[in-house]
Amino acid sequence: MSIHYSSTLWILCALIFPFALLAQTTSVNVSGIIKDKGTGENLPYVNVVLKKSDDLTFVLGTISDEDGFFTLSDTQPGDYVLEVTYLGYQKYNTPLFVGSNSAFLDLGTLFLEENVQQLNEVVVTTKQDEITGALDKKSYSVDKNLSQGGGSVLQAMNNLPGVTVQDGQVQLRGNDQVVVLIDGKQTAITGFGNQNGLDNIPASAIAEIEIINNPSSKYDANGNAGIINIKMKKESQEGLNGTIGLTAGLGALWVRKENLPGIRPQYTATPKINPSLSLNYRKNKVNLFIQADNLYTETLNKNEFVTRVYDDGTVIDQQLKRNRDTNFFTSNAGMDWFIDDQNTLTVSGFFSQESIKDYGDQPFFNGNTNENLRLWQFLEDEVLTAIMGSVVYEHKFKQPGHKLNIGFNYTFDREDEKYFFTNTNPTFTTDESFFLIADQKVADLTLDYTKPLKHGLLETGLKLRRRTIPTDMQFNPSANNSVLDTGADGVATYKETIPAFYGNYTYEVQKWEAEIGLRMEYVDLQYDVDPSHNTYQSDGYNYFQPFPNARLTYKINKNNRLSAFYNRRVDRPDEVDIRIFPKYDDAEIIKVGNPALQPQFTNSFELGYKNSWYNGFLYGSGYYRISDGTITRVATTVDDSNLIYNTSQNAGKSHNTGLELIFNQELSDKVNFNLNLNGYYNQIDAFSIMNKYPVAHTFNSEQQDVYSGNIKLNTNLKLGGNTEAQFTAIYLAPDIIPQGTIDSRFSLDLGIKKMIQNGKGELFLNATDLFNTMVIKKEIDGSNFSYTSSDYYETQVIRIGYNYKF
């Protein structure tokens with residue numbers, strides 16, 4: 001199926017420009033080349049001086065090299081006078097504006113004359129080399145997140161402004177369509193489509209987390225809510241240096257709600273241990289690096305109590321308790337070869353293995369009579385192995401910031417899952433299982449070119465991706481009374497090809513900044529289904545579409561900025577959304593994909609304002625997103641069965657409108673706080689869909705809407721004696737989920753850190769959800785049923801750790 005794009009978007013792009021600057025460049029490299037105007041020859045050893053525009057005091061100075069090139073490094077943004085002098089030539093004086101939106105500024109060619117002549121004013125603009133400020137990139141150091149140290153990346157993200165975590169998924173401004181990168185690349189452990197694995201990546205391996213709400217065309221078009229980029233630890237100092245650490249902890253310190261009768265005990269006093277090592281050795285032109293972490297945890301992963309009520313009067317009380325053992329090993333190693341001043345070659349490899357064992361119990365009782373209806377007990381044994389190799393070549397041209405990058409990444413990862421269950425009923429007991437193997441292979445070739453210009457920065461490049469995932473599901477039913485749908489297993493293959501190219505240009509003058517970009521992307525997705533499958537057939541889609549971005553910023557004065565953004569993005573169905581095999585993680589809620597699923601396209605608009613002062617800032621933004629073909633899961637029943645089928649579907653249009661406020665203030669040299677308020681209105685329009693599994697049936701949904709939001713307060717204290725403390729309070733307001741709502745939630749976290757051993761060592765202690773208040777409560781309305789649930793999963797964890805830098 002081909003997807004056609006309305007021509008009205010082109011009109012929209014011409015009229016609307018998008019927004020937001022939290023991070024700005026603090027220093028700029030100003031460069032240029034000096035020539036004789038008469039002969040055109042390069043002039044060596046020319047004096048170049050930068051002076052303040054108000055009093056002409058000296059700021060910076062340099063001389064041009066043998067080829068006439070010069071660079072004024074670490075120039076602060078502001079207004080200057082550029083003065084160029086050379087024996088026998090007329091002095092060159094011109095006003096010079098250095099902007100704050102780029103790390104590089106190219107003045108182009110400056111011509112000196114032997115004859116006296118008035119020279120015209122030169123106004124210079126910039127664009128950041130790594131496009132940080134222009135994209136509203138917010139950067140947060142993991143080391144400063146005291147209340148979540150020693151945990152997983154997912155736990156660390158939970159404290160960040162604008163970020164919430166729900167059912168193991170990261171949300172930005174209430175939306176989980178987020179692309180997660182590691183060092184700027186999509187990887188198997190974080191997902192090439194939908195995000196995954198974040199709850200097991202050790203935070204100790206991470207240096208920094210970046211949040212990008214309005215990505216430029218340089219980034220992949222997938223993910224309408226934005227991008228989260230996780231930066232792994234890596235040093236580049238001369239000699240041998242690194243970090244070694246150890247964290248230990250306990251969770252589930254007491255039972256919050258007793259089990260229903262007849263099942264195995266909940267995990268309590270669950271241990272956590274995380275040793276970590278990061279090494280770097282640099283000598284001359286070679287930099288070697290290696291990082292390794294191992295995170296072992298035992299967790300009460302789920303402890304959900306559910307009451308289901310059907311239209312015929314049936315009431316079922318149930319519990320899903322899942323004790324989980326996880327061991328996650330991750331390592332990253334490689335070499336930077338600085339061939340010369342202009343050329344660098346980086347070769348790196350990444351390996352991870354995640355072993356998960358879930359020991360689960362799920363009892364079912366008649367809610368009217370308390371009769372024991374069923375007991376489902378299971379062992380889910382899953383091993384996820386990922387290997388990635390990367391080669392990146394960078395050529396730096398003589399002009400600072402002018403560079404070419406060529407990269408190739410190849411990833412192989414295997415999902416190996418074995419699920420064993422015992423189904424005990426009043427009249428019979430069966431032992432059954434199913435096995436799944438999915439091998440993902442992804443090859444990415446990228447080319448990125450960056451050139452600073454006299455009035456901005458030009459970025460362009462291309463990307464080619466080939467991704468295949470053959471999947472083999474094998475059901476092993478019992479001879480009698482099997483619950484497995486034996487005609488729904490088999491094999492399927494996901495094939496994805498994506499060539500894309502982009503261009504992005506930024507312009508800046510004293511009062512205005514503008515950015516415009518366009519990414520053209522072709523996608524061909526084919527999902528081949530085993531012809532013997534009892535429900536689904538092969539399907540897929542393809543499209544060739546533009547994804548524009550734009551930004552316009554007005555600099556009211558040095559401390560006040562007003563910006564607007566527009567962005568068009570896509571959410572492509574991932575393989576797990578399409579996967580045709582029913583999954584029996586829950587005995588009576590069967591999860592299944594949909595090979596006819598189509599992409600979801602989103603137009604985003606944002607308007608924001610930032611006011612900075614000496615010891616703080618205020619940032620506010622208003623945003624609106626409208627999505628067509630919203631991807632969601634729909635729960636339905638069939639005939640007189642109590643089974644619920646949870647199927648991927650396109651639900652039509654959805655809307656997300658909101659306001660975000662970030663207030664950062666340093667009250668004294670010992671106290672500072674960061675307050676984040678995010679309020680939004682979510683709406684899913686009425687829709688009607690046809691489910692094919694297990695038999696064809698329709699479902700109609702009325703419009704859903706809700707006002708929701710969240711509040712986060714981080715307070716940091718310097719206690720003296722090289723000791724710091726952090727309190728984090730989080731409130732999440734009620735929100736809508738597919739076919740229902742989720743209640744409000746609250747937690748309070750605490751962290752303390754003390755520097756020792758002359759600043760090389762640190763001890764830390766932290767506790768999450770101090771008062772054990774984080775409980776997830778949901779209400780769902782289906783076609784002929786409704787249910788309420790409360791999940792008392794493990795949220796309270798106490799950790800102690802030690803890190804040493806050398």
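Computed from a predicted structure; not experimentally measured.

Time to look at the sheet that holds strand 5 (residues 69-75). Read from one edge of the open sheet, three strands run 5-2-8, paired in mixed fashion. Two strands bound the open sheet, and with one partner strand each, they are strand 5 and strand 8 (104-112). Across the sheet, the mean angle separating the axes of adjacent strands is 20° when strand polarity is ignored. As paired strands, strand 2 (residues 28-36) and strand 8 are joined by seven bridges and run parallel to one another. Bridge pairing in strand 8 links Val 30 to Leu 105.

Once that is clear, we can look at the pairing of strand 25 (residues 512-529). Where strand 24 (residues 490-508) meets strand 25, 15 bridges bridge the pair, whose relative direction is antiparallel. Across the sheet, Gly 503 pairs through a bridge with Leu 518, a residue of strand 25. A loop of three residues connects strand 24 with strand 25, the two strands running antiparallel in sequence. Here strand 25 runs beside strand 26 (residues 539-557); their pairing, made up of 16 bridges, is antiparallel. Bridge pairing links Gln 526 to Gly 540 in strand 26.

Within soluble globular proteins, side chains that are nonpolar tend to cluster in buried spots. In this structure, Trp 376 and Tyr 584 are the most contacted members of the largest nonpolar core, which totals 49 residues. With residues near it in sequence (within four places) discarded, Tyr 584 still touches Trp 376, Tyr 419, Phe 434, Phe 475, Val 483, Leu 484, Asp 485, Ile 590 and Tyr 693. Core analysis: the second largest hydrophobic core is formed by 27 residues, Val 142, Leu 172, Met 232 and Met 388 among them.

What follows covers the packing of aromatic side chains. Counted by the stated rule, this structure contains 26 aromatic pairs. With 6.1 Å between their ring centres and 75° between their planes, Phe 305 and Tyr 792 make a pair best called edge-to-face. Taken together, the residues Phe 305 in strand 17 (residues 286-310) and Tyr 792 in the loop between strand 45 (785-791) and strand 46 (797-805) connect sequence positions 487 residues apart. Owing to a relative accessible area of 10%, Phe 305 belongs among the buried residues under this scheme. Between Phe 663 and Phe 673 the ring centres are 5.4 Å apart and the planes differ by 75°, which places this aromatic pair in the edge-to-face class. You can see Phe 663 sitting in strand 34 (residues 654-666) and its partner Phe 673 sitting in strand 35 (residues 671-684), a full 10 residues away along the chain. Looking at Phe 673, the relative accessible area reads 16%, which means it is buried. Here a set of aromatic residues connected by ring pairs shows up, and it is made of Trp 376, Phe 378, Tyr 419, Phe 421, Phe 434, Phe 475 and Tyr 584. Geometry around Phe 364 places Arg 374 over its ring, the cationic atom sitting 5.8 Å from the centre. Taking NZ or CZ as reference, Lys 610 lies 5.3 Å from the ring centre of Phe 617, over its face.

Within the secondary structure, Ser 604 is located in strand 30 (residues 600-613). Ignoring sequence-local partners within four residues, the contact set of Ser 604 consists of Asn 224, Phe 565, Tyr 566, Asn 567, Tyr 624 and Arg 625.

So, about a nonpolar patch on the surface. A contiguous nonpolar patch, built from Ile 406, Phe 408, Tyr 410, Leu 445, Leu 447, Leu 462, Leu 464, Phe 501, Tyr 522 and Phe 544 and spanning about 890 Å² of accessible area, is present on the exposed surface. Along the chain, Phe 501 turns up in strand 24.

Judged by pairing direction, the sheet is mixed, and its four strands sit side by side in the order 28-29-33-32 without closing on themselves. Since the sheet does not close on itself, it has two edges, and those belong to strand 28 (583-586) and strand 32 (631-636), each with one partner. Across this sheet, the average inter-strand angle for adjacent strands is 35°, counted without regard to direction. Judged from the two bridges that link them, strand 28 and strand 29 (residues 589-592) form a sheet pairing that is antiparallel. Within strand 29, the position partnered with Lys 583 by the bridge is Lys 591.

The next thing to look at is a negative patch on the surface. On the surface, Asp 311, Asp 312, Asp 639 and Asp 640 cluster together into a patch of negative charge. You can see Asp 640 is positioned in the loop between strand 32 and strand 33 (644-650).

Tallied over the full model, the rule gives 35 salt bridges. Between Lys 37 and Glu 113 there is a salt bridge whose closest N-O contact spans 3.9 Å. Of the two residues, Lys 37 is situated in the loop between strand 2 and strand 3 (47-52) and Glu 113 in the loop between strand 8 and strand 9 (137-141); the sequence distance between them amounts to 76 residues. Asp 439 serves as the salt-bridge partner of Arg 414, at 2.6 Å between the closest nitrogen and oxygen. In this pair, Arg 414 sits in strand 21 (residues 403-424) while Asp 439 sits in strand 22 (residues 429-453), placing the two residues 25 residues apart along the sequence. Members of the salt-bridge network, linked through shared partners, are Glu 508, Glu 513, Glu 515, Arg 551, Lys 555 and Arg 561.

Before going further, it helps to spend a moment on the side chain of Asp 530. When you line up the elements, Asp 530 lands in the loop between strand 25 and strand 26. It turns out Asp 530 is buried and unbridged, and the closest side chain with the opposite charge, Lys 495, is 14 Å from it. Engagement of the side chain of Asp 530 in a polar contact is seen with the side chain of Ser 532, the distance being 2.9 Å. If near-sequence neighbours (up to four positions away) are discounted, Asp 530 is found in contact with Gly 490 and Val 491.

With an omega dihedral of 0°, the bond running from Tyr 693 to Pro 694 counts as a cis peptide bond. With respect to the helices and strands, the residue Pro 694 is situated in the loop between strand 36 (687-691) and strand 37 (697-701). The phi torsion at Tyr 45 lies on the positive side, around 60°, for a residue other than glycine. Locating Tyr 45 in the fold gives a position in the loop between strand 2 and strand 3. By relative accessible area, Tyr 45 is classed as partly exposed at 48%. Not every positive phi belongs to a glycine, and Asp 74 is a case in point at roughly 55°. By the secondary structure assignment, Asp 74 is in strand 5.

So, on to the confidence of the model for the protein. In the predicted model, the protein carries a mean pLDDT of 87, and the fraction of residues at 70 or more is 91%. For the protein, per-element mean pLDDT is lowest for helix 1 (residues 8-15), which scores 38, and highest for strand 21, which scores 96. Ignoring residues within four places in sequence, the model shows residues 1-23, a span with pLDDT below 50, making 85 contacts including any to other chains.

A word on the environment of Asn 611. The topology assignment puts Asn 611 in strand 30. Classification of Asn 611 by relative accessible area gives buried; the value is 18%. Along the chain, Asn 611 and Ile 556 lie 55 residues apart, while their C-alpha atoms are 9.8 Å from each other. In this structure, Asn 611 is in contact with Asn 559, Asn 560, Phe 617 and Leu 618, ignoring residues within four places of it in sequence. Of note is the side chain of Asn 611, whose polar atom sits 3.5 Å from the backbone oxygen of Asn 559.

Sheet topology places strand 31 (residues 616-628) next to strand 34; 12 bridges connect them, and they run antiparallel. Residue pairing in the sheet places Tyr 624 in a bridge with Thr 657 of strand 34. Both strand 34 and strand 35 contribute to a ladder of 13 bridges, which runs antiparallel. Along strand 35, the bridge assignment pairs Asn 656 with Asn 682. Connecting the antiparallel pair strand 34 and strand 35 is a turn made up of four residues.

Cut-offs used in this document
- Residues numbered from 1 in each chain as written.
- Predicted model: local features only at pLDDT ≥ 70, side-chain atom pairs only at ≥ 80, totals over all residues.
- Heavy atoms only, no water.
- Pairing = 2+ DSSP bridges.
- Helix = DSSP H or I, 4+ residues; strand = E, 2+ residues; numbered from the N terminus.
- Axes fitted to C-alpha atoms, helices over the stretch in contact; angles between N-to-C directions.
- Core = buried A, V, L, I, M, F, W, Y, C linked by side-chain atoms within 4.5 Å.
- Buried < 20%, exposed > 50% of the residue type's maximum accessible area, 1.4 Å probe, protein only.
- Contact = heavy atoms within 4.5 Å.
- Phe/Tyr/Trp six-rings, centres within 6.5 Å; stacked < 30°, edge-to-face > 60°.
- Lys NZ or Arg CZ within 6 Å of the ring centre and 35° of its normal.
- Patch = residues over 30% accessible without salt bridge, like charges linked within 9 Å, V, L, I, M, F, W, Y side chains within 5 Å.
- Areas by Shrake-Rupley, 256 points an atom, 1.4 Å probe, with all protein chains shown as cover.
- Salt bridge = Lys/Arg side-chain N within 4 Å of Asp/Glu carboxyl O.
- Lys, Arg positive; Asp, Glu negative; His and termini not counted.
- Charge placed at Lys NZ, Arg CZ, Asp CG, Glu CD.
- Polar contact = N/O pair within 3.5 Å; in protein donor to acceptor, adjacent residues only side chain to side chain.
- pLDDT = per-residue confidence, 0-100.

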